[in-house]
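A closer look at the structure
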Amino acid sequence: MAAVRDLSSIFGSHAWIERLWSSIADKGRAFASVPSEARPPLQRAQLLAKALLSGRGEASGAAVARELHAVLHDLNGADRLEFYRFLATDFAPDPDQLRHAAEAYLGDPSPEQAAQLTAAADPPRQELLRRMNVSLGGTAALVAMRKELLGLLREEPGLKPLDSDLRHLLGSWFNLGFLQLRRIDWQTPAATLEKLIAYEAVHAIQGWDDLRRRLAPDRRCFGFFHPALPGEPLIFVEVALVNGLSASIQPLLEPVTDERAAAAAAARADTAIFYSINNCRDGLRGVSFGNFLIKQVVDELTAELPALTCFSTLSPVPGFRRWLDKYLTADPANQAMLSDAERAALSDGTSGDEATLLRDALHEDEWWADAIRADLLHMPLLRLCATYLTETTDRGADPVARFHLGNGARLERINWLGNLSPRGIQESWGIMVNYLYEPSEIEANHEMFVRDGTVVRSLAVDALKEPCQPKRRARAARSR
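The paragraphs below set out a description of the structure included in this document. Only a predicted model underlies this, so the values are computations on that prediction, with no experimental measurement involved.

1. What about the layout of surface pockets?
Considering only enclosed or pocket space, the largest pocket measures out at about 1000 Å³ in volume. Lining the largest pocket are 37 residues; nearest its centre among them are Ile277, Asn278, Asn279, Pro399 and Val400. The set of elements that each furnish at least two residues to the lining of the largest pocket consists of β4 (271-279), α19 (399-406) and α20 (422-428). Residues belonging to the lining of the largest pocket are distributed by class as follows: 18 nonpolar, 13 polar and 6 charged.

2. Some thoughts on helix α7 (residues 124-133)
The complete set of buried residues in α7 reads Arg125, Gln126, Leu128, Leu129, Met132 and Asn133. One side of α7 holds all its buried residues, which, seen down the axis, span an arc of 160°.

3. Details of the packing of helix α2 (residues 41-54) against helix α4 (residues 77-90)
Packing of α2 against α4 brings their axes to within 10 Å, and their N-to-C directions diverge by 30°. The angle between α2 and α4 falls in the class roughly parallel. Handedness of the crossing formed by α2 with α4: right-handed. Contacts between α2 and α4 involve Leu42, Ala45, Gln46, Ala49 and Lys50 from the former and Asp79, Glu82, Phe83 and Phe86 from the latter.

4. A closer look at the packing of aromatic side chains
Here the structure, examined in full by the defined rule, presents 11 aromatic pairs. An angle of 40° between the planes, with centres 5.8 Å apart, marks the rings of Phe83 and Phe86 as tilted. Pair noted here: Phe83 and Phe86 are both in helix α4, with a separation of 3 residues, about one helical turn. In terms of burial, Phe83 and Phe86 fall into one category: buried. The interplanar angle of 50° and the centroid separation of 5.5 Å between the aromatic rings of Trp367 and Trp429 together place this pair among those described as tilted. Taken together, the residues Trp367 in the loop between α17 (354-362) and α18 (371-391) and Trp429 in the loop between α20 and β7 (432-436) connect sequence positions 62 residues apart. Across the pair, exposure class does not vary: Trp367 and Trp429 are buried alike. The side chain of Arg182 reaches across the aromatic face of Phe225, ending 4.1 Å from its centre. Above the face of the Trp429 ring, Arg321 is positioned so that its terminal group lies 3.6 Å from the ring centre.

Conventions and cut-offs
- Residues numbered from 1 in each chain as written.
- Predicted model: local features only at pLDDT ≥ 70, side-chain atom pairs only at ≥ 80, totals over all residues.
- Heavy atoms only, no water.
- 1 Å grid on protein atoms, 1.4 Å probe; cavity = no way out; pocket = protein on both sides within 12 Å on 5 of 7 lines; lining within 4 Å.
- Points joined across faces, edges and corners; volume = space filled by probe spheres on them.
- Helix = DSSP H or I, 4+ residues; strand = E, 2+ residues; numbered from the N terminus.
- Nonpolar A, V, L, I, M, F, W, Y, C, P; charged D, E, K, R; others polar.
- Buried < 20%, exposed > 50% of the residue type's maximum accessible area, 1.4 Å probe, protein only.
- Arc of directions from axis to C-beta.
- Axes fitted to C-alpha atoms, helices over the stretch in contact; angles between N-to-C directions.
- Parallel < 35°, antiparallel > 145°, perpendicular 65-115°, else oblique.
- Left-handed = near helix turned anticlockwise from the far one by under 90°.
- Contact = heavy atoms within 4.5 Å.
- Phe/Tyr/Trp six-rings, centres within 6.5 Å; stacked < 30°, edge-to-face > 60°.
- Lys NZ or Arg CZ within 6 Å of the ring centre and 35° of its normal.

Have a look at this one:
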C-alpha cells in the first residue's frame, strides 16, 4: 500500500530532528536574552515572548522558544489566562501603519500597495506563534493551547483574535500536503492503538478485545498522521467490509469467532461501511481534513479490494432528539405529522393533538423494547427524522449530516433502531443514517449543498415523508 509508511523510519527521522534541534537550542542559549528565573513566572513568560519576537538568530531563537514553552507549561490557570490576554492585546497590527497602508492602497490600488497593506495587516502575533512552533514539541504545545482557548472563548471573547490566528496557522501546518495516511492494524505499535481506545467517541471501545474486533480481517482502520505528532492519529475512520448497506451498528460490533471466515468474507464484500470517524485533537477544531480522509480511504480500499462497489456510512443523527423535543413543543400550525391510522392507534380513544400524542408515547419507559409500542412510533419517527434532515430551515444543522453532505454524499437511507445503546437512544431515539458516497456524483452533490443547501437524497428518503397507510407499515415491518 503506497500511502502506508514504515513507522520505524518515520519515528527514527523524527528522533534525529529532535536531537538536532535540542543541540541547536543548547548552543543558542549562550546568545539568547533569557530573563532571570527570579522574576514572577507570568512576567518571565511575557518577557520571553517579546524576546522571541525581537530576536534574529536561529540558535538563540530556538533557546528562547524552548524556555518560553517550559515556563508556559508550569503557569497556573490564572497566569496562563493572563498570558493569553497579553498575546491577544499586545501583538496586534500597528494601527497607524495599517491606516497609512490602507490609505495608500485606496489612492493607488496596485499589486505593490496591496502587498504592503497585507503586510501591515498581518499581526506580529502570528510571527510570534510561528517562532514558538519551531521549538521542539512546539506544534503539540500550540494545539494544546488552542484547545484551552476554545474552552475560554465564551467567557473571554477578547481572546478571539488569538484563536483566529492559531486556527489560521494550524490550518496551514496541517494541510493535506503534510498528512500521512496509514492503515492501523493489530501490528501497529501499542502506543498508537491505545490512542484509538482513548479517542473513540462514536462507539466506545471496551478494551483490547473489542479493539481487536475493530481490526479483524473483515474490518479496516485508517488514520491521518502528522510528522510533528508521531504515533498519534489526528483523525481515524473505522470501516466494516460487508454485503449491502448496514442498517444497525450492533452486528458490526459483535465479536468475531473465526478470523479465516472473516478474511474470506472481506474478499467477497461489495460494500465498505464507514461506521466511526473520530477527530482526536480538540485544538484542531475547524481544521478540516475528514473529507480528504474518506476520499483517500476509498482509493486505498478500491485498490486492495476491487470487488467493493459501494461506499457508505452508518452514521448517528446527534441533533435529532433535541430538535424533535423543540419541534413537538412548538407544535407548528398546519403540520401533519401522523396519518389517520397512526393518530387513532396512538390516541387509544383519548383526545389530544398530534404533538401531545407523540410526546406522551416517547416518554413511556423503554418503549423501543416493546414491539407493539415501537411499531406505533416507527413510521412517525422516521418521517420526522426525514423532515429534520431535509426540510429544516437551517439545512445541515445536524453536524454529522453537514459533514457528509458537504463532502458530496447522498442521504441514502434512514434506519429504524439502528443504535440501541444509551447514547443512541439519547441522541436520536436509536435512528441511524446511511450516507452514500457515489464517486461520480460527489462533486455535483457537494456543489448543490454548499451553494444553496440542497440535500441530495434518495427516493426512499422522500417516500418516508408521505402519509403512511397501515398496509405499507405492515410491509415495512416485515422487511426489517
